[in-house]
Amino acid sequence: MDAVVEQHGVRAATAAEAAQQADVHVLAVKPADVPAVLATLSEAAGHEGRDAVVVSVAAGVTTAALEAGLPDGMAVVRVMPNTPAVLGAGMSVVSRGSAADDESVRLACALLGTAGEVLELPEKQLDAVTATSGSGPAYVFYLAEAMIEGAVLQGLSRPVARQLTLQTILGSARMLVEGEDSPTVLRERVSSPGGTTMAAVATLDAHATRAAVVDAIRAATERSVELGA
Ligand SMILES: NC(=O)C1=CN([C@@H]2O[C@H](COP(=O)(O)OP(=O)(O)OC[C@H]3O[C@@H](n4cnc5c(N)ncnc54)[C@H](O)[C@@H]3O)[C@@H](O)[C@H]2O)C=CC1
Ligand SMILES: O=C(O)[C@@H]1CCC=N1
């Protein structure tokens, strides 16, 4: 704890102490632990509620569920961030609860904006958001694992396989983000007729890779719904 305080220039406190003093409460515990933290917050805030904003990143936990565990009228903003936030390259989506005004949302967006891009969307889209950008980094890391494995299997050393894979993912991501072309156009540009890329993509299709990714996002969306139930 001392190391965290020193490294980040923050003050350490118990959840109850923080709840009494803070203007913004960031809830970043596992969904199953949310009710216990809401009880602590409610006790500290008092039943009349305080002029504070609760910003929750707990996957699947709805603003209605958060509001039900808090004093009436307490502003709640639900967020789905992702791990590239550690580099300032995050993607966060926020949805406002029934008592959150523009100022609460602006505050939450300003906080999250320090860690990357922020978008406000209706809450009914947050389960699909969770499945796309929340869990999404894992899909890219999974692809990286598979590419490294494939390259090593074809005789490259592990360090070379890693360097080639990571720089390829970085360069491709930059082409997607910095250029105007769609993923389809960019893929077709790599694919010479009868060449190596077409052989690879035909193999991905034969393994129904596209359908598997589409189905994975459906499964993650459904799991997000379950976590909030
Ligand atoms: N890992 C990810 O990429 C993302 C995670 N989330 C959400 O963030 C939340 C946290 O996830 P992780 O960081 O992966 O979990 P984690 O298990 O690494 O962190 C949870 C932390 O909460 C603390 N904690 C538990 N009960 C507490 C209590 N009563 N009072 C104070 N602290 C308490 C634990 O000690 C732990 O440090 C989850 O709700 C998850 O759905 C959301 C978006 C992305
Ligand atoms: O896997 C999870 O449940 C969390 C939510 C999004 C990313 N990680």
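Parameters at a glance
Residues numbered from 1 in each chain as written. Chains lettered and ligands numbered in written order. Predicted model: local features only at pLDDT ≥ 70, side-chain atom pairs only at ≥ 80, totals over all residues. Heavy atoms only, no water. Pairing = 2+ DSSP bridges. Helix = DSSP H or I, 4+ residues; strand = E, 2+ residues; numbered from the N terminus. Axes fitted to C-alpha atoms, helices over the stretch in contact; angles between N-to-C directions. Contact = heavy atoms within 4.5 Å. 1 Å grid on protein atoms, 1.4 Å probe; cavity = no way out; pocket = protein on both sides within 12 Å on 5 of 7 lines; lining within 4 Å. Points joined across faces, edges and corners; volume = space filled by probe spheres on them. Nonpolar A, V, L, I, M, F, W, Y, C, P; charged D, E, K, R; others polar. Near = heavy atom within 4 Å. Areas by Shrake-Rupley, 256 points an atom, 1.4 Å probe, with all protein chains shown as cover. Polar contact = N/O pair within 3.5 Å; in protein donor to acceptor, adjacent residues only side chain to side chain. UniProt positions renumbered as here; feature names shortened; annotations may be inferred. Expected span 1.5 Å × (residues − 1). Domains from an automatic or database assignment. Buried area = accessible area lost by both parts, 1.4 Å probe. Parallel < 35°, antiparallel > 145°, perpendicular 65-115°, else oblique. Left-handed = near helix turned anticlockwise from the far one by under 90°.

K.L.:
Can you lay out the sheet that holds strand E2 (residues 53-56) for me, pointing to particular residues and giving the numbers?
P.N.:
Taking strand neighbours across the sheet as the criterion, the five strands line up as E1-E2-E3-E4-E5 in an open arrangement whose pairing is mixed. Where the open sheet ends on each side, the last strands, each with one partner, are strand E1 (24-27) and strand E5 (116-120). Within this sheet the neighbouring strands show an average axis-to-axis angle of 25 degrees, counted without direction. Pairing of strand E4 (residues 90-96) with E5, which is carried by five bridges, proceeds in the parallel orientation. Looking across to E5, one finds that valine 93 is bridged to leucine 119. On the sheet, helix H3 (residues 34-45) packs against E1 and E2 and is oriented at approximately 165 degrees with respect to E1.

K.L.:
Run through the layout of surface pockets, naming residues and quoting values.
P.N.:
It is a probe the size of a water molecule, rolled over the atoms, that shows where empty space is left. For the second largest pocket, the calculated volume is near 390 Å³. Listing elements by their share of the lining of the second largest pocket, those giving two or more residues are helix H1 (2-8) and helix H2 (15-21). Counted by class, the lining of the second largest pocket contains eight nonpolar, two polar and one charged residues.

K.L.:
Would you mind going over the site of ligand 2 in detail, with residue names and values included?
P.N.:
Around ligand 2, the surrounding shell consists of Ala59, Gly134 and Ser135. When isolated, ligand 2 has an accessible area of 250 Å², and the protein chains bury 47% of it.

K.L.:
Could you give an account of the site of ligand 1, naming the residues involved and the relevant values?
P.N.:
Taken together, Ala28, Val29, Lys30, Pro31, Asp33, Val37, Val57, Ala58, Ala59, Met80, Pro81 and Thr83 are the residues near ligand 1. At 3.3 Å from an oxygen atom of ligand 1 is found a side-chain nitrogen or oxygen belonging to lysine 30. A distance of 3.0 Å is found between an oxygen atom of ligand 1 and a backbone nitrogen or oxygen belonging to alanine 59. Bound to the protein, ligand 1 loses 50% of the 840 Å² it would expose on its own. Of the residues that constitute the shell around ligand 1, the class distribution is nine nonpolar, one polar and two charged.

K.L.:
Any details on the packing of helix H6 (residues 126-134) against helix H7 (residues 136-153)? Residues and values, ideally.
P.N.:
Where H6 meets H7, the closest approach of the two axes is 5 Å, and the angle between their N-to-C directions is 35 degrees. Contacts between H6 and H7 involve Ala131, Thr132, Ser133 and Gly134 from the first element and Gly136, Pro137 and Tyr139 from the second. Residue composition of the contact of H6 with H7, by class: three nonpolar, four polar and no charged.

K.L.:
So what's going on with the environment of alanine 219? Residues and values would help.
P.N.:
Mapped onto the fold, alanine 219 is located in helix H11 (residues 209-228). Each C-alpha atom of the pair alanine 219 and alanine 128 lies 9.9 Å from the other, and the pair is 91 residues apart in sequence.

K.L.:
Pulling in residues and values, what's your account of the UniProt feature "domain: Pyrroline-5-carboxylate reductase dimerisation" (unreviewed entry) in the protein chain?
P.N.:
Here, UniProt's "domain: Pyrroline-5-carboxylate reductase dimerisation" (unreviewed entry) annotation points to residues 123-227. Secondary structure within residues 123-227 divides into 82% helix and 0% strand; the distance between the first and last C-alpha atoms comes to 15 Å.

K.L.:
Kindly report on helix H5 (residues 102-113), identifying the contributing residues and their values.
P.N.:
The terminal C-alpha atoms of H5, which comprises 12 residues, lie 16 Å apart, in line with the 16 Å expected from a rise of 1.5 Å per residue. Buried residues along H5 sit against E2, strand E3 (75-80), E4 and E5.

K.L.:
Mind laying out the domain arrangement of the protein chain, listing which residues take part and the relevant values?
P.N.:
Domain annotation for the protein chain reports domain 1 (2-121) and domain 2 (136-228). On the domain 2 side, the residues contacting the six residues of domain 1 number four residues. Counting the surface lost from both domain 1 and domain 2, the interface buries some 380 Å², and carbon and sulfur atoms represent 66% of this. Remark: the boundary between domain 1 and domain 2 carries zero residue pairs in polar contact (both at pLDDT 80 or more). Considering only residue class, the side of domain 1 that touches domain 2 consists of three nonpolar, three polar and no charged.

K.L.:
Explain the packing of H6 against H11 residue by residue, including any values.
P.N.:
Where H6 meets H11, the closest approach of the two axes is 8 Å, and the angle between their N-to-C directions is 130 degrees. Our classification of the angle between H6 and H11 gives oblique. The interaxial crossing formed by H6 with H11 has right-handed handedness. On the side of H6, the interface is formed by Asp127, Ala128, Thr130, Ala131 and Thr132, while H11 contributes Ile217, Ala220, Thr221, Ser224 and Val225. Considering only residue class, the contact of H6 with H11 consists of five nonpolar, four polar and one charged.

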